[in-house]
Amino acid sequence: MTYYQVLGVSREASDEDIKKAYRKLVFEHHPDRNPHKTDADERIREINAAYEIIGDPEKRKSYDRLSWGDEPRATAIDPEVIISEIEQKLFDEGRKEVFAILMQNIMRVKAELEVIRARTIQTQGYDSFLEPVVQARASEIMDDLVTEEMNGRMQRLVEVAAEMLVSQGVAKGADERAMRALRARLKERFLKGRVFGVASALELFYERR
């Protein structure tokens, strides 16, 4: 189930509608009001987890962006497959944001191509779009391209992705060491996407001499 389904609202619901649905569900399912229900505690935790994400406008945007859809999975899938799907979405997010920045500064792109061309010729004796050289240069200039706001957005996306994996039963939220490792893995994938975004922008304007 998606977080929207947990709260019984559509993906088009307003923030106020989500808040109202949450309050209604908490009132109906609170363990104090349902002492006879053995799953009351689990149900209220599920409701709170859903509202923590889609009840926050920023987290909701991240959840919508990373979500793979509302359709439940018909069969069990290897957890690594699910993690790989999330990693790919994070990679794409990192790639797109840096690519967009460079597309607004073509002069910078051409200047970087000259640096890469010189290093490539020095390395192998002739000009080509040598990936290791391109990626090394991309890592060098990343701090010039990325803002604190972008890093904050990255952290939010990584956190939402990790919480989604917990909700899917792929990760155990109670295992703090495992969660730290998972967040680090997801962040690394996002950062690799940024490097690829630089490479994609440069390759678009590369001409071999």
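Here's a quick rundown of the structure.

Definitions and limits used
Residues numbered from 1 in each chain as written. Predicted model: local features only at pLDDT ≥ 70, side-chain atom pairs only at ≥ 80, totals over all residues. Heavy atoms only, no water. Core = buried A, V, L, I, M, F, W, Y, C linked by side-chain atoms within 4.5 Å. Buried < 20%, exposed > 50% of the residue type's maximum accessible area, 1.4 Å probe, protein only. Helix = DSSP H or I, 4+ residues; strand = E, 2+ residues; numbered from the N terminus. Contact = heavy atoms within 4.5 Å. Phe/Tyr/Trp six-rings, centres within 6.5 Å; stacked < 30°, edge-to-face > 60°. Salt bridge = Lys/Arg side-chain N within 4 Å of Asp/Glu carboxyl O.

## Section: the nonpolar core
By size, the foremost hydrophobic cluster in this structure holds 35 residues, and its most contacted members are Leu7, Ile47, Ile54, Tyr63, Leu90, Leu165 and Leu186. At the level of elements, helix 1 (3–7), helix 2 (15–29), helix 3 (40–54), helix 4 (57–66), helix 5 (79–103), helix 8 (148–167) and helix 9 (176–205) are the ones that each hand at least two residues to this core. Excluding anything up to four places from it in sequence, Leu165 contacts Ile82, Ile83, Ile86, Val170, Ala171, Leu182 and Leu186. In terms of nonpolar packing, the next biggest core, distinct from the first, is built from 20 residues, Val146, Val195, Val198 and Tyr206 among them.

## Overview of the packing of aromatic side chains
Applying the stated criterion to the full structure yields 5 aromatic pairs. Ring centres of Tyr4 and Tyr63 lie 6.1 Å apart, and the angle between their planes is 50 degrees; on these two criteria the pair is classed as tilted. Of the two residues, Tyr4 is situated in helix 1 and Tyr63 in helix 4; the sequence distance between them amounts to 59 residues. Judged by relative accessible area, Tyr4 falls into the buried class, the value being 2%. Taking the centre distance of 5.3 Å and the plane angle of 55 degrees together, the rings of Phe129 and Tyr206 count as tilted. Placement of Phe129 in the loop between helix 6 (106–124) and helix 7 (131–145) and of Tyr206 in the segment after helix 9 is noted, with a sequence separation of 77 residues between them. For Phe129, a relative accessible area of 16% gives the class buried.

## Re the environment of Gly173
In this fold, Gly173 is placed in the loop between helix 8 and helix 9. On the basis of relative accessible area, Gly173 is assigned to the partly exposed category, the value being 42%. Aside from chain neighbours lying at most four places away, what touches Gly173 is Val166 and Met179.

## Points about the pattern of salt bridges
Scanning the entire structure with this criterion turns up 24 salt bridges. In this structure, Glu114 and Arg209 form a salt bridge, with 2.8 Å as the shortest nitrogen-oxygen distance. With Glu114 in helix 6 and Arg209 in the segment after helix 9, the pair connects residues that are 95 residues apart, well separated along the chain. Here Arg209 falls in the exposed class, since its relative accessible area comes to 68%. Arg119 is the salt-bridge partner of Glu140, the closest N and O atoms lying 2.9 Å from each other. Here Glu140 is found in helix 7, whereas its partner Arg119 is found in helix 6, with 21 residues between them in sequence. You can call Arg119 partly exposed: its relative accessible area is 30%.

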